[in-house]
Each structure stands twice: as structure tokens, then as C-alpha cells.
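Chain by chain, the residues run as shown.
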Amino acid sequence: QVQLVESGGGLVQPGGSLRLSCAASGSSRSSAVMRWYRQAPGKEREWVAGMTDDNNTVYADSMKRRCTISRDNAKNTMYLQMNALKPEDTAVYYCWMMFVPDSYWGQGTQVTVSS
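Residues numbered from 1 in each chain as written. Predicted model: local features only at pLDDT ≥ 70, side-chain atom pairs only at ≥ 80, totals over all residues. Heavy atoms only, no water.

Peer 1: Before we go on, may I ask you to explain the state of the cysteines in this structure?
Peer 2: Two cysteines form a disulfide when their sulfur atoms are joined by a covalent bond. Counted under the stated rule, the structure contains one disulfide. Each sulfur in the disulfide pair Cys22 and Cys95 lies 2.0 Å from the other. Taking the sign of the S-S torsion, 60° for the link of Cys22 and Cys95, the bridge is right-handed. Pair noted here: Cys22 is in strand S3 (residues 18-25) and Cys95 is in strand S9 (residues 91-99), with a separation of 73 residues, a long-range link. For the pair shown, Cys22 and Cys95 are each scored as buried. Counting only cysteine sulfurs, Cys95 is the nearest neighbor of Cys67, a cysteine outside any disulfide, at a range of 15 Å. With relative accessibility at 6%, the residue Cys67 sits in the buried group. (Disulfide = S-S within 2.5 Å. Helix = DSSP H or I, 4+ residues; strand = E, 2+ residues; numbered from the N terminus. Buried < 20%, exposed > 50% of the residue type's maximum accessible area, 1.4 Å probe, protein only.)

Written out as C-alpha cells, the structure reads:
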């Protein structure tokens, strides 16, 4: 059974940076597709960024140029580097990975952007 464990969330001031991590355990294969989502209070979960197994990346307009998704296949871990954070980036951030044919969610990590 694959498990995803996220870390790196916290409280940061506007304009600050955070790096989120999502470590997968329980699989000897690398994930085919990796994504980050987020869910703000009272809102639906939204997609933030994604990366394929050949390292193609795509970003939501809301975070484009302010975040970078990356992966370390040796560690079966993916990252989300977020810069120039804004109060509207406050949300629970979730990672999602596909290990064909199944997909898995992390438990979420809280990011709060506030002065």
C-alpha cells in the first residue's frame, strides 16, 4: 500500500517562501504523474502544479512564476517550492501521485500566509 507523507507547511509572512515535500513509501516504482493541489477554507480543492515522469511541468495561472515543482526519483519524493507567497495562498496543500493504475493522496499540510 502506497502512503504519501507531506511536510514543510507552516506560517509565513507575505512575500516569504516555503518548500513543501511529499514522500512516497510502499512502492518500488517511481510515480508516473505527480501533482499538487490546495484547498482554502470554504473553497473547492484546486490543482496547483503537475509533473510527468519525463519531467514535463505545468502550473496553474494562480501560482505560475511563483512556484516550482520538482522530484527526486531516488527518494520517491516530490517538492513544491513556493515564493512570493500571498495571503490568498493560505490553504491546505495536498500531494497526489499516480502509480499506475492507482493514485494516492497525501494527508495535507497547512500553509498560512499572514503578517
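Peer 1: Please clarify how the pattern of salt bridges should be interpreted in this entry.
Peer 2: Two side chains that carry opposite charge are able to pair once their charged atoms sit near each other. Within the structure shown, the criterion is met by four salt bridges. Two residues, Asp89 and Arg38, come together in a salt bridge whose shortest N-O distance is 3.0 Å. Here the residue Asp89 occupies a position in the loop between strand S8 (77-82) and S9, and Arg38 occupies one in strand S4 (residues 33-39), the gap between them amounting to 51 residues. Comparing Asp89 with Arg38 shows no difference in burial state: the two are buried. By sharing partners, the salt bridges in this structure join Arg38, Glu46, Arg66 and Asp89 into a single network. (Salt bridge = Lys/Arg side-chain N within 4 Å of Asp/Glu carboxyl O.)

Peer 1: When you look at the pairing of strand S7 (residues 67-72) in this model, what are you seeing that I'm missing?
Peer 2: Two faces belong to every sheet, and in a regular strand the side chains alternate between them. Here S7 shows a clear split, with Cys67, Ile69 and Arg71 buried on one side and none of Thr68, Ser70 and Asp72 buried on the other. Summarising the sheet, S7 and S8 pair through six bridges and their orientation is antiparallel. The residue bridging Thr68 from the neighbouring strand is Gln81, located in S8. With antiparallel pairing between neighbouring strands as the criterion, S7 and S8 make up a hairpin whose turn holds four residues, including Asn76 at a positive phi of roughly 50°. (Pairing = 2+ DSSP bridges.)

Peer 1: Sorry, what's going on with the side chain of Thr109 here?
Peer 2: Position of Thr109 relative to the elements: it lies in strand S11 (residues 109-113). If sequence neighbours within four positions are ignored, Thr109 has contacts with Glu6, Ser7, Gly8, Gly9, Leu20, Ala91, Val92 and Tyr93. (Contact = heavy atoms within 4.5 Å.)

Keep in mind these numbers describe shape, not what the thing actually does.
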